[in-house]
Structures are given as structure tokens and as C-alpha cells.
Amino acid sequence: MSKSDTPSPPVPPVTGPGSPRDVPPAPGSFPIDPDTLPDPIRAEVLAPDPVAIDTAAEELKDGLNRCPKCGATEIQQKPGTDLLICLYCRNEWHAARVEEEFGFGEGLDELEGTIIASGAQNIAADAASLMTFKCAGCGAEVTINTANAMTARCHWCRHVFGVNEQVANGAVPDAVLPFHIKKDDAVARIRQFVDKRRMFALKAFKDEFTPENVIGVYLPYMIVDGKASVDVAGQGEIETRRYTRQNGKQKTTYYDADVYQVERHVDFTVDDLPLESSTERGNLDSAANTNNIINTILPFDTKNAVKWNASYLAGFSSEKRDRDVDHLHPRLEDQLLSIARAQIEKSVGRYDRGVRWDEEDVQVHGSRWVSMYLPVWLYSYQQPGRNGGMLHYIAVNGRTGETMGSVPVQQWKLLLAALTVGTFIEGLAVAFLVFAS
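Computed from a predicted structure; not experimentally measured.

In this structure, what is going on with the packing of aromatic side chains? I would like to understand it.
Centre-to-centre distance and the angle between the planes together describe a pair of aromatic rings. Across all of its chains, the model carries 13 aromatic pairs by this definition. Three or more aromatic residues link up through ring pairs in this structure, and these residues are F179, Y218, W308, F316, Y373 and W377. Positioned over the ring face of Y255 is R353, at 3.6 Å from the centre of the ring.

What follows is the structure, given as C-alpha cells:
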């Protein structure tokens, strides 16, 4: 037997670091039979991976937004419009709408799985906030800190740079809805809102109220299209008889009712549902802030949002997104349940004693997620107090001008007014009784 025909000795099993048991399973494989898992976990394991739609603007990747007519980089939004304007040659043009560019308004009935636009993908924990560009005009390096700015100017040749590359730090969305309401208009609306409530306002607030300090800020949202179904089950009551029984001077009213088992199923789609993608803005703790005020100025005309271009942020502030799609899924399901309840409400009117829903189940068959900046004028006031006090906001929708807010009040003035009104009503009641007798 030749040397080449000699069988090789058996290889001993490898058990140390780097052994096969320490290597993750190959893509597409799973070490546990999914059929043995509970239904929710099995559905999550077998769900297809999210599909990404690339919304990146390759033409702006170098950070320079050039005028298509003269090539200058002095570009900003034309106030009150969706247009961009070149400050050098005064040329104006309209950026592409994302709905038309990427077909986000189509196929709601055909949604399956999770579709995520590239600006809405998960934030990388190690993604840096600093972005450095090499100036095409003079070769100098320009650094932008995306934590507090999205544009910067080269200090050598004066080119204006914008962060348009979709880095995974949450600063660059897929789309932006430009401001239409100008600052002077926002100031006037906030002043009018406060003037109507000035009588009961806190004295310190009235003394320090300066609506000119209002800030135009782009707030981060996820705009979601969805296809869902909801099943609910519970008990409804129809009143059949009402009667009163007296025990001494006390009278008690009773009722009889027929009780029915009620079940409903509804299939529906949602188009452009906005969800806050900032942890700070999504914190609706009414004991510490009035973030809920911002929800009262909805809706926004998100159909008019344009493809992301940092030039729209010139002169405005912005807040970074810090929540991913997985974090927002519970919020999405809550919103879908609320929508379904509103639709079902029309079909349970015959139950005059109401319906108590004991079981609710929502199934999201498909969803599409787009990261977007929405325009809000914000005025804030920190009211001193326990546990840091209360942060009050007055917000103006940057598109429609809808205004809502929270004004700190003098509690004793409210109490005095309540007592005065109560005494006046009691006086009218006594006078009526005297007149009747």
C-alpha cells in the first residue's frame, strides 16, 4: 500500500474557542425547530427580513447642493414655499416629492412583511455624530456635528455643505416637509393664544413671556403605511326596563338588560400614520411636560414631503431620531387598535348600555416605514416646582398654522373663579325657587 493510500487518523473533536459550537448558524438556518416554539415567537422567527428602499440622494453625497443653473452652493428654502432658491442667481426649483419618487402612496392593499426606507433603518450604536467632507472647491476639510447642525460653510472658499449622506446615526431622514408658516406669523399666533388665557396665567409667565423666542424645529417622525386586521370580542347590553325603588328617603334606580356576546372583525389600511421617533418627544408624562400638545396640532400634509435635502434646514433647528422600527411597533399596534375601535363603534350602536371589549387582537400583515422631519414652531416655558417643575409648550404647525399649548396658571385665581361662578348659579337657583313659590 502506498503512502497516499494510508487512511488518515481520525480528527479529534474541537471543543475550544472558535469551535463549531461557538460559530453562529449559517444564514437561513435555525438550530431549533420553529414548530416547537410558541405562536408569537414562531411568527417572529419565520417572518421575512425587512426590505429596504434606497432613498439616498447620490447626487448630494459629497455634501454640495449645487444650483442647476449656475452651480453655486448658496441654496436655501424660499420662505413660505416648498421651493429651493439659489441666493446667487435667484434660480428657483422644486425638489422631488418622495411619494412620487418612490411610490410610497401606492399598493397599500398589497403590503406584506416590513418595508423600511433606507433613512429609517436601525441606528448603529457606534455611529459617529461628526461628519467630515473634503471641499471640492479648495480641498479643505469641513466637519459638521450632526448633533446640533446639518449644514456648515467652508471657512476658506465659502462653499456651503449639507449632511445628505444617510449615515446610521439617526440624523438624516428619507424626507422633509418644509416650513410654510413664517416666524412672524407663528409669533402672532402664539401671542393671540396666550392673550386669551392671560387672566389666569402665572404672573412670572406673563412677565417673562417673549413669543419672539419661538424656535422653528424639525421634529423626527416615522410615517407608516400599514395593512392590518383586528378582532375584538366582548359583551354588549341592551336595556329592557328601568325602575326606581325607595328605602326610607333614599331612592335607587335599577335597570334590567339583555346581555349579548359581541364579536367583530375589521380589515383596513392606514396611509401616512405619524409616530414620534424621538424618545424625548414620545415621553407623554403629563406630570413633567406637555409633549402631548404637539400631537394636538396634527395632521401634517405629509403627501407634499420632498426628498431629503439638508438645504431645507438652513435657519432651522432639528432633533435626531433615536428610536427604531422595532421600538415603535407597540405604538403602531396601539394606534391601529384605536382606528379599529372607531370603525367598529358604528356597528354596535344598538347596545345602548355599551359594549365591554374583553379580548382584542391586532395583526399587522404589512407595513412601510419612512423617516421624515416635520416642521413645528415651539415656544417653551419651564415652570419651577417639585421634581424639576413642569415644562410647558406652545406649538404651531409649520404647515397649517394650527396652534395649541399649555399656559401655567395661578391656582388661586381658578379656585376663586369657580367659587364665584358657583355662588352666582346658586343665587339664581334660590331666586327661581322664591319666585316659583
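Further notes follow.
Even after reading the chapter, I still don't get the sheet that holds strand β4 (residues 92-94), so can you show me in this structure?
Note on sheets: strands pair through backbone hydrogen bonds, and any given pair is parallel or antiparallel. Taken together, the three strands give an open sheet; going across it, the order is β2-β3-β4, and neighbouring strands pair in antiparallel fashion. Taken across any chain shown, the strands that pair with only one partner, and hence form the sheet edges, are β2 (75-77) and β4. When the angles between neighbouring strand axes are averaged without regard to direction, this sheet yields 30°. With three bridges joining them, strand β3 (residues 83-86) and β4 adopt antiparallel strand pairing. Paired with I85 across the strands is E92, a residue of β4.

How do you make sense of helix α3 (residues 183-195) when you look at a structure like this?
Working note: α-helix, 3.6 residues per turn, so residues spaced by three or four point in the same direction. An ideal rise of 1.5 Å per residue puts 18 Å on 13 residues; α3 measures up with 18 Å between its terminal C-alpha atoms. Along α3, the positions that sit buried rather than exposed are A186, V187, I190, F193 and V194. All buried residues of α3 fall inside an arc of 125° around its axis, so they share one side. Its buried side turned inward, α3 meets α4 (203-208), β15 (355-383), β16 (390-397) and β17 (403-405).

What counts as what
Residues numbered from 1 in each chain as written. Predicted model: local features only at pLDDT ≥ 70, side-chain atom pairs only at ≥ 80, totals over all residues. Heavy atoms only, no water. Phe/Tyr/Trp six-rings, centres within 6.5 Å; stacked < 30°, edge-to-face > 60°. Lys NZ or Arg CZ within 6 Å of the ring centre and 35° of its normal. Pairing = 2+ DSSP bridges. Helix = DSSP H or I, 4+ residues; strand = E, 2+ residues; numbered from the N terminus. Axes fitted to C-alpha atoms, helices over the stretch in contact; angles between N-to-C directions. Expected span 1.5 Å × (residues − 1). Buried < 20%, exposed > 50% of the residue type's maximum accessible area, 1.4 Å probe, protein only. Arc of directions from axis to C-beta. Contact = heavy atoms within 4.5 Å.

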